[in-house]
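Summary of the model geometry
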Amino acid sequence: MLRQPTILLFVCFISCLQAKAQLYPFVNYTPRDGLVGNKVRFISQDSKGKLYFGTTNGLSIYDGSRFTNYTTENGLATDLVNGVMEIGDDSVLVVLNSHNLQYIHNSTVRNVFLKDSMCPVINQFIRCSNGQYYAIAD
């Protein structure tokens, strides 16, 4: 009679040892590591593996070893970035929280000039299955 509870207790003890939680290798980036700001609004990745961090202080691009930061000092119209969209080799469309649309090509910030020169505040770009892009705006 005493043998069955002892075996049951032993089995429970063994199963508890094997039920450890798995630890994932997360990396936390801060401004000390080169990130432009703490308040990250979005994270995106392009086809080459670069990570884009849109913050309230600008845009940070991480290539796997270092950050490249873009702010109003580097040519952005505003520091508040809503999103990015890859538009070609080494070219990224930057969606700002302003009436400007800009892109980064070969590490240089440039403006996009539209036909009617009217650009609403774009919050996000969406790519549909047919390849067309749509902008969600204010």
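As a convention, each chain's residues are numbered from 1 in the sequence order in which they are written. Reporting in this predicted model follows two pLDDT cut-offs: at least 70 for local features of residues, and 80 or more for side-chain atom pairs to be given and counted; totals over whole chains, interfaces and linings ignore these cut-offs and use all residues. With hydrogens and water stripped out, all remaining heavy atoms of the structure feed into the side-chain values.

The next subject is the nonpolar core. Buried residues of nine kinds, namely Ala, Val, Leu, Ile, Met, Phe, Trp, Tyr and Cys, make up a nonpolar core once their side-chain atoms join them within 4.5 Å. Relative accessibility under 20% of the residue-type maximum defines a buried residue, over 50% an exposed one, and the middle range a partly exposed one, all with a 1.4 Å probe and only protein chains included. Ranked by size, the top nonpolar core spans 13 residues in total, and within it Leu59, Tyr70, Leu76, Val81 and Val94 carry the most contacts. Numbering of helices and strands runs from the N terminus, with a helix taken as a DSSP run of H or I at least four residues long and a strand as a DSSP run of E at least two residues long. Elements that contribute at least two residues to this core include exactly β3 (58-62), β5 (81-88) and β6 (91-96). In this structure, tyrosine 70 is in contact with Gly58, Leu59, Ile61, Leu76, Ile104, Ser107 and Val109, ignoring residues within four places of it in sequence. Contacts between residues were defined by any pair of non-hydrogen atoms, one from each residue, lying within 4.5 Å.

With that out of the way, let us pick up the sheet that holds strand β8 (residues 108-111). Here, a strand pair is defined by DSSP locating no fewer than two bridges between the strands. One open sheet holds the 4 strands; their spatial order is β5-β6-β7-β8, and the pairing between them is antiparallel. The two strands at the open ends of the sheet, each matched to only one other strand, are β5 and β8. Geometrically, the sheet is characterised by an average inter-axis angle of 30° between neighbouring strands, direction not taken into account. Comment: axis = line fitted to C-alpha atoms, over the contacting stretch for helices; angle = value between 0 and 180 degrees taken between N-to-C directions.

What follows covers the sheet that holds strand β4 (residues 67-70). If you trace the 4 strands from one edge of the open sheet to the other, you get β1-β2-β3-β4, paired in antiparallel fashion. Two strands bound the open sheet, and with one partner strand each, they are β1 (40-45) and β4. Sheet twist, expressed as the average angle between the axes of neighbouring strands with direction ignored, equals 20°. Relative to β3, strand β2 (residues 51-55) runs antiparallel, the two sharing 5 bridges. From the neighbouring strand, threonine 55 faces β3, where its bridge partner is glycine 58.

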